[in-house]
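Okay, here's what each chain looks like letter by letter:
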Amino acid sequence: MIDLHYVATGNNLKVAIMLEEAALPYNLVKYEMYAGTHLTPQFRRINPNNKLPAIVDHQPADGGEAVSVFESGAILLYLAEKSGMLLPQDARRRLQAQQWLIWQVAGLGPMLGQAHHFVRYAPEGQAYGIERYTRESRRLLEVLEYRLKQSGDYLAGDYSIADIACYPWASGTGLIGIDIAAFPAVAAWLARIKARPAVQRAADAILDESRSLYTQPRPVLTPEQWSNMFGDKLLAAAKAR
Ligand SMILES: N[C@@H](CCC(=O)N[C@@H](CS)C(=O)NCC(=O)O)C(=O)O
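Just so we're clear, the structure is a prediction, and the values are computed from it rather than from any experiment. (Residues numbered from 1 in each chain as written. Predicted model: local features only at pLDDT ≥ 70, side-chain atom pairs only at ≥ 80, totals over all residues. Heavy atoms only, no water.)

### Description of the domain arrangement of the protein chain
Okay, step 1: Under the domain assignment, the protein chain is made up of domain 1 (2-85 + 207-239) and domain 2 (91-198).
Okay, step 2: Spacing between the C-alpha centres of domain 1 and domain 2 amounts to 20 Å.
Okay, step 3: Between domain 1 and domain 2, the residue contacts involve 24 residues of the former and 22 residues of the latter.
Okay, step 4: In this assembly, domain 1 packs against domain 2 so that about 1900 Å² is buried in total across both faces, 64% of it on carbon and sulfur atoms. (Domains from an automatic or database assignment. Contact = heavy atoms within 4.5 Å. Buried area = accessible area lost by both parts, 1.4 Å probe.)

Written out as structure tokens, the structure is:
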């Protein structure tokens, strides 16, 4: 059994999709990030970075003690290796899947994440931050569009962990004012992925009513919630020894 420590957001959906695709049994451990329920010493023993998702595999392949994995990209690679699924065997295809996975975790996620921060969470009037990160988000979506026009239905030939990694971020661009219809190959690829039964099961499993907290156009946070998300309480969790 694998424990999935999660909050109802896209980075976490990636892992639920992989678990469903690979038919690996899992147990859900839910957190609320505005309330800071992940900023605890207990969760820090699982993820030293105090972010979600993280997994604990109680039956690792080597038969040893439980293994904790954090960072969604590392979790996808771990589960692909454990299940033997969704990472191509062919060396050149495998390299493509790895590159697009790393591109997501190093570029698409962080840049769109900053766009969400400036468009939705930052105090009004941060024009430079909004322009900088929405332009970079559009640039990255152009890169995705270009790649999909080259590669066909999926990023690395067959459907893989690269597609799973990019899917949640590319699906949520409406919240940062980007209409995905301007990227037709991306829009068609999103529809293909969304139609997969495992993707629907994963969304049903983790995108529950708390999802609406994180998809408001302009969430209004209390000072306590702000501190948990972006302020002193978040910093204090990292400083705790
Ligand atoms: N690079 C990390 C990002 C994880 C991340 O930022 N997770 C968010 C939820 S999507 C989180 O835990 N936020 C709570 C916080 O920042 O305290 C990954 O891909 O796993």
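On we go from here.
### What about the pattern of salt bridges?
Okay, step 1: Summed over all chains, the structure comprises 10 salt bridges.
Okay, step 2: For the salt bridge of Glu21 with Arg196, the shortest nitrogen-to-oxygen distance reads 2.8 Å. Here Glu21 is found in helix H1 (residues 10-21), whereas its partner Arg196 is found in the loop between helix H7 (184-194) and helix H8 (197-206), with 175 residues between them in sequence.
Okay, step 3: Each of Lys30, Glu32, Asp208 and Glu209 takes part in a single network of salt bridges with overlapping partners. (Salt bridge = Lys/Arg side-chain N within 4 Å of Asp/Glu carboxyl O. Helix = DSSP H or I, 4+ residues; strand = E, 2+ residues; numbered from the N terminus.)

### With respect to the side chain of His38
Okay, step 1: Take His38: it is sitting in the loop between strand E2 (26-30) and helix H2 (41-46).
Okay, step 2: Other than its neighbours up to four places away in sequence, His38 contacts Tyr31, Glu32, Met33, Phe43, Asn50 and Leu52.

### Points about the nonpolar core
Okay, step 1: In terms of nonpolar packing, the biggest core is built from 58 residues, with Met18, Leu79, Leu144, Val186 and Trp189 touching the most fellow members.
Okay, step 2: Only strand E1 (2-6), H1, helix H3 (72-83), helix H4 (91-121), helix H5 (127-151), helix H6 (161-171), H7 and H8 provide two or more residues apiece to this core.
Okay, step 3: Each of domain 1 (2-85 + 207-239) and domain 2 (91-198) contributes no fewer than three residues to this core.
Okay, step 4: One finds Tyr31, Phe43, Val56 and Met229 within the second-largest nonpolar core, a separate group that totals 13 residues. (Core = buried A, V, L, I, M, F, W, Y, C linked by side-chain atoms within 4.5 Å. Buried < 20%, exposed > 50% of the residue type's maximum accessible area, 1.4 Å probe, protein only.)

### Comments concerning the site of the ligand
Okay, step 1: In the vicinity of the ligand, the contacting residues are Val7, Thr9, Asn11, Asn12, Met33, His38, Lys51, Leu52, Pro53, Glu71, Ser72 and Leu234.
Okay, step 2: Glu71 places a polar side-chain atom, nitrogen or oxygen, 2.8 Å from a nitrogen atom of the ligand.
Okay, step 3: Contact with the protein chains removes 82% of the 510 Å² of surface that the ligand exposes when unbound.
Okay, step 4: Across the shell around the ligand, the residue classes break down as 5 nonpolar, 5 polar and 2 charged. (Near = heavy atom within 4 Å. Polar contact = N/O pair within 3.5 Å; in protein donor to acceptor, adjacent residues only side chain to side chain. Areas by Shrake-Rupley, 256 points an atom, 1.4 Å probe, with all protein chains shown as cover. Nonpolar A, V, L, I, M, F, W, Y, C, P; charged D, E, K, R; others polar.)

### What about the side chain of Ser72?
Okay, step 1: Tracing the backbone shows Ser72 in helix H3.
Okay, step 2: What makes Ser72 buried here is its relative accessible area of 5%.
Okay, step 3: Reaching out from Ser72, the side chain makes a polar contact with the side chain of Lys14 at a distance of 2.9 Å.
Okay, step 4: Discounting residues that sit within four places of it in the chain, Ser72 has contacts with Asn11, Lys14, Pro53 and Val105.

### Focus: the sheet that holds strand E3 (residues 54-57)
Okay, step 1: Reading across from one edge, E2-E1-E3-E4 is the order of the 4 strands in this open sheet, with mixed pairing throughout. The open sheet has two edge strands, E2 and strand E4 (67-70), and neither has a second partner. Adjacent strand axes in the sheet meet at a mean angle of 20 degrees when their direction is disregarded. (Pairing = 2+ DSSP bridges. Axes fitted to C-alpha atoms, helices over the stretch in contact; angles between N-to-C directions.)

### Some remarks on the environment of Gly177
Okay, step 1: Here Gly177 lies in the loop between H6 and H7.
Okay, step 2: Separated by 57 residues in sequence, Gly177 and Leu234 have C-alpha atoms that sit 28 Å apart.

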